[in-house]
Amino acid sequence: MLKFLFTVIRRDVLLAARRRGDWLTAQFFFVMVVSMFPLGVGPEPGMLRTIGPGVVWVAALLASLLSLGRLFADDYRDGTLEQMLLSPYPNTLLALGKAIAHWIINGIPLLVIAPVLGIQFNLPAEALWILVLSLAIGTPILSLLGSIGAALTLGLRGGGALVTLLILPLYVPALIFGAGAVEGVLSGTGSEAHLSLLGAFLMMSLLLAPWVSAMALKVSVE
Amino acid sequence: MNLYHYASPSTFYPLAGKLVPWFAALAFILTTAGLYISFFMAPTDFQQGEGYRIIFIHVPAAWMSMFIYVVMAFWSAIGLAWNTRLSFVMARALAPTGAMFTFVALWTGAFWGKPMWGAWWVWDARLTSELILLFLYVGVMALQAAIDDPRRSDRAGALLNLVGVINVPIIYFSVKWWNTLHQGSSLSLTRAPSMAQTMLWGMLILALAAWMYTIAVALARARTLILERERRTEWARAQLEGQA
Amino acid sequence: MLSVHELACERGERLLFKNLGFELGNGEALLVRGGNGRGKTSLLRILCGLSVPATGVVRWRGESISKAHEQYGREMAYIGHANGIKDDLTPMENLRIAAALGGRVLDDATATAALCQVGLSRCVDLPARVLSFGQRRRVALAGLMTAGALLWILDEPLTGLDVDGVAMVEWMIHDHVLAGGLAIMTTHQMLMLDGLTPKTLSVGD
């Protein structure tokens, strides 16, 4: 069972490594979206500090959506998804593996880039640390919930835009608790409550999302 | 009584046809009565003036918007568990009405907000949740519309609906949490201070009217959906020819 | 081994077939016939468990395949229209990953032998992207050989193959069935299974 999970993850990471261009696109998208905001609202440090956490988090949501379109689509097109669904292991495990792989490929780089972007927004060191921590708890949620959307829109015309429509409303709690944690540090009200709520949301997503997304895959492949 | 008998599209279709006019008539009578009570009989609120009367529309619409989403999820769950086509049809038939009520709730909320808060839109916890609920409705309908195969479309929509319904309380909680941290709006849309007896009656009757309207419209829409899907079967052909 | 009862399949609003049933035992092959759009592929997808039939049930060793997901997954191999191989990986990597996903251990020697057998000895280390369509089909066939499955479900296995390739598939199926395996396939071409007459099943008449 665990071996199957690792195989799914290793396979996706290997494939991403072979297609580094696609991978870099999503990371640069994140950097660019965040960098557009100071140009739009002006370089006033106090203002940037206020909007910083929210901007970085919203950009993280968008970046994860950008890469979600391909989570199952490539495998669906070349028939490997069918083969994986027919493997002797539960499909829930497959969905979980794909979501974890998505997080490793697209979520972890965000954690590394985010502090640099936080500095652009004049965030103090303590807030930067909480920003990374909130993203570390929050980005797996994005991958897990996103995998449901990716599975539901498999093979549809305009699937990419549709995923955005389906999944963004579901991301709302992650955004609120995630960005809220960083704001909590800035305003001095603390971030523990936000982070624990974010953690609870992660646990729930971890329990339910792979199961739903496996069902969605079955529905879509049929 | 055999429930399966009524769950078959060919028996449901004429039954729904008989029920629609009754519910439509009830909806009409109740709406007229409710509007009369709320706009002519209910006293003017001494704090909010005449403007408060918008809550007679707003509150039933907001109730229905949430309630319909849950009812849809109920039919979706039944459809996924027992593979009953009629439940998927019901879930699909309810979606546009739910979205409509959500939109009405937002619209009237804005109308109420202008005189009370001095702004068309305030990021109040309830209004924000309602907005996200509208997004959830749009998501389900967009997904259903994007898939051509009715079977896949039904199931995909149902799954998304169920994920949404699990998420609604979490979203509501998170939005409320977010709202209390950022600001405390003193005047709430639904907490009309010391509601008079007639006000309560007006609101309840209008809420009942919204129910009847929803049932009538959903049944009518379900009938169309059934006819469209079953158009190749004998009974549906007979129906279509009878009408032509 | 495989028994199918009262299968019906709907696509869109169209009924493709109904009341379809058959039994298939060890050492038997089944050729599914029918024109374009009659539901051959839909039938095969139901048989392998990717689709759910409108009515009816598929049983493997007496148990419904939706219940026996694990066992059926080990004993059944399917080749569909898509080859199920990744363009960014080499044929060798493709075989190895497919085996790992199926819970099997595949050593290099066996994999190389299978790739040589399907005539890809010179392409073992090239990414599948540069292979021709027929060569990619051969990778899928090599995967079938190394899968060690008892039941083969093959949807148009001959598409894109040259004369040698067709002969190779015929020989593969022949050996598999003679060794006691089961095979279900569709094809629009002639299939010469030297001394072996497959059962036939017509779909959607």
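The structure we're discussing is the one just above.
Residues numbered from 1 in each chain as written. Chains lettered and ligands numbered in written order. Predicted model: local features only at pLDDT ≥ 70, side-chain atom pairs only at ≥ 80, totals over all residues. Heavy atoms only, no water.

A. Representation of the overall build of chain A within the structure. From N to C terminus, chain A includes nine helices and zero strands. Taken from the N to the C terminus, the helices and strands of chain A come in the order α-α-α-α-α-α-α-α-α. Computed over C-alpha atoms, the radius of gyration of chain A comes to 18 Å, within 12% of the 17 Å expected from 2.2 N^0.38 for 222 residues, which places it in the range of a compact globule. Overall, chain A is about 55 × 35 × 30 Å in size when its C-alpha atoms are taken along their principal axes. Classification of the 222 residues of chain A by burial places 59% in the buried group. Surface summary for chain A: the accessible area is close to 8,600 Å², and the carbon and sulfur share equals 72%. When the 12 positive and 11 negative side-chain charges of chain A are each reduced to one mean point, those points stand 11 Å apart. (Helix = DSSP H or I, 4+ residues; strand = E, 2+ residues; numbered from the N terminus. Rg over C-alpha atoms; globule rule 2.2 N^0.38 Å. Buried < 20%, exposed > 50% of the residue type's maximum accessible area, 1.4 Å probe, protein only. Areas by Shrake-Rupley, 256 points an atom, 1.4 Å probe, with all protein chains shown as cover. Lys, Arg positive; Asp, Glu negative; His and termini not counted. Charge placed at Lys NZ, Arg CZ, Asp CG, Glu CD.)

B. Region of the structure containing the overall build of chain C. The secondary structure content of chain C amounts to six helices and nine strands. The buried share among the 205 residues of chain C stands at 54%. The contacts of chain C with a sequence gap of at least 6 include a subset with a gap of at least 24, amounting to 69%. In the form shown here, chain C has an accessible surface area of approximately 8,900 Å², with 50% of it arising from carbon and sulfur atoms. Taking the average place of the 20 positive charges on the side chains of chain C and the average place of its 22 negative ones, the gap between the two points comes to 5 Å. (Contact = heavy atoms within 4.5 Å.)

C. Just the interface of chain B and chain A, in detail. Listed by partner, the interface residues are 29 residues for chain B and 28 residues for chain A. Roughly 2,400 Å² of surface becomes buried between chain B and chain A when both sides are summed, with 78% attributable to carbon and sulfur atoms. Three residues stand out in chain B for area buried against chain A, namely Arg152, Leu159 and Trp177 of chain B, and they jointly supply 25% of the buried area on that side. Here Arg157 of chain A ties to Asp148 of chain B by a salt bridge, and the two come within 3.1 Å at their closest N and O atoms. For the interface between chain B and chain A, the tally reads six residue pairs in polar contact (both at pLDDT 80 or more). With 19 residues, helix H6 (residues 150-182) of chain B is the single largest residue contributor to the side of chain B that touches chain A. A class-by-class count of the residues in the side of chain B that touches chain A yields 20 nonpolar, five polar and four charged. (Buried area = accessible area lost by both parts, 1.4 Å probe. Salt bridge = Lys/Arg side-chain N within 4 Å of Asp/Glu carboxyl O. Polar contact = N/O pair within 3.5 Å; in protein donor to acceptor, adjacent residues only side chain to side chain. Nonpolar A, V, L, I, M, F, W, Y, C, P; charged D, E, K, R; others polar.)

D. Seen up close, the layout of surface pockets. As a volume, the largest pocket reaches approximately 970 Å³. Around the largest pocket sit 36 residues that line it, and Lys218 and Glu222 of chain A together with Gly49, Val52 and Ser66 of chain C are the ones nearest its centre. Listed by contribution, the elements that provide at least two residues to the lining of the largest pocket are helix H6 (91-120) and helix H9 (192-221) of chain A, helix H3 (55-82) and H6 of chain B together with helix H1 (40-48), strand E4 (55-60) and helix H2 (69-75) of chain C. Examining the composition of the lining of the largest pocket, we find that five residues originate from one element, H9 of chain A, more than from any other. Classifying every residue of the lining of the largest pocket by side-chain character gives 21 nonpolar, 10 polar and five charged. (1 Å grid on protein atoms, 1.4 Å probe; cavity = no way out; pocket = protein on both sides within 12 Å on 5 of 7 lines; lining within 4 Å. Points joined across faces, edges and corners; volume = space filled by probe spheres on them.)

E. Broad picture of the interface of chain A and chain C. In this complex, chain A contributes 26 residues to the contact, which on the side of chain C involves 27 residues. Surface buried jointly by chain A and chain C totals about 2,400 Å² across both partners, of which 56% is contributed by carbon and sulfur atoms. For the chain A face of the interface with chain C, the top three residues by lost area are Leu86, Pro88 and Glu222 of chain A, together amounting to 27%. Seen at the junction of chain A and chain C, the total is five salt bridges. Close ionic contact of Lys86 of chain C with Asp78 of chain A constitutes a salt bridge, the shortest N to O distance being 2.9 Å. On inspection of chain A and its partner chain C, the count reaches 13 residue pairs in polar contact (both at pLDDT 80 or more). Elements with a contribution of two residues or more to the side of chain A that touches chain C: helix H1 (2-18), helix H4 (70-78), helix H5 (80-85) and H9 of chain A. For the side of chain A that touches chain C, the element with the highest residue contribution is H1 of chain A, accounting for seven residues. Of the residues assigned to the side of chain A that touches chain C, the class counts are 10 nonpolar, six polar and 10 charged.

F. Focus on the pattern of salt bridges. What the rule picks out here adds up to 23 salt bridges over all chains. The shortest N-O distance in the salt bridge between Arg11 of chain A and Asp75 of chain A comes to 3.1 Å. You can see Arg11 of chain A sitting in helix H1 and its partner Asp75 of chain A sitting in helix H4, a full 64 residues away along the chain. Asp75 of chain A carries the same exposure label as Arg11 of chain A, and that label is buried. Note that Asp154 of chain B and Arg229 of chain B form a salt bridge whose closest N and O atoms lie 2.7 Å from each other. Here the residue Asp154 of chain B occupies a position in helix H6, and Arg229 of chain B occupies one in helix H7 (residues 197-229), the gap between them amounting to 75 residues. Several salt bridges share partner residues, and in doing so they unite Arg11, Asp12, Asp75, Asp78 and Lys98 of chain A together with Lys86 of chain C into one network.

G. View of H6 of chain A. Residues and elements named next belong to chain A. An ideal rise of 1.5 Å per residue puts 44 Å on 30 residues; H6 measures up with 43 Å between its terminal C-alpha atoms. Where H6 bends most, at Ile104, the angle is about 35°. Among the residues trailing H6, Asn122 stands out with phi positive, at a value near 65°. (Expected span 1.5 Å × (residues − 1). Bend = angle between axes of the 7 residues up to and from the residue.)

H. View of the nonpolar core. Counting residues in each nonpolar core, the largest one holds 141 residues, and the members touching the most others are Phe30 of chain A together with Leu2, Phe22 and Ile184 of chain C. Setting aside residues up to four positions removed in sequence, Phe22 of chain C forms contacts with Leu2, Ser3, Val4, Leu30, Leu47, Ile184 and Leu201 of chain C. Among the nonpolar cores identified, the runner-up in size contains 40 residues, and Leu144, Leu158, Met185 and Leu191 of chain C belong to it. (Core = buried A, V, L, I, M, F, W, Y, C linked by side-chain atoms within 4.5 Å.)

I. Spatial organisation of the sheet that holds strand E2 (residues 14-24) of chain C. Residues and elements named next belong to chain C. Read across the sheet, four strands follow the order E2-E1-E4-E5 without closing on themselves; strand pairing throughout is antiparallel. The open sheet has two edge strands with one neighbour each: E2 and strand E5 (63-64). Against the sheet, H1 touches strand E1 (2-11), E2 and E4, its axis set at about 130° to E1. (Pairing = 2+ DSSP bridges. Axes fitted to C-alpha atoms, helices over the stretch in contact; angles between N-to-C directions.)

J. The arrangement of a nonpolar patch on the surface in detail. All names here are of chain B. A cluster of nonpolar side chains, contributed by Leu35, Tyr36, Phe39, Phe40, Met41 and Ile57, occupies part of the molecular surface with about 590 Å² of accessible area. At five residues, the largest contribution of residues to the nonpolar patch is made by helix H2 (residues 9-41). By secondary structure assignment, the location of Phe39 is in helix H2. (Patch = residues over 30% accessible without salt bridge, like charges linked within 9 Å, V, L, I, M, F, W, Y side chains within 5 Å.)

K. Spatial organisation of the pairing of strand E6 (residues 76-79) of chain C. All names here are of chain C. Neither face of E6 is left uncovered, since the one carrying Met76 and Tyr78 and the one carrying Ala77 and Ile79 both have all their residues buried. Where E6 and strand E7 (residues 151-155) come together, four bridges link them in parallel fashion. Pairing of Ala77 across the sheet is with Trp152, part of E7.

L. Broad picture of the sheet that holds strand E9 (residues 199-202) of chain C. Residues and elements named next belong to chain C. Strand order in this open sheet of five strands is E6-E7-E8-E3-E9, and the pairing throughout is parallel. For this open sheet the edge positions go to E6 and E9, each flanked by a neighbour on one side alone. Across the sheet, the axes of successive neighbouring strands diverge by a mean angle of 15°, strand direction being ignored. As defined by bridge partners, strand E3 (residues 29-33) adjoins E9 across four bridges and the pair is classed as parallel.

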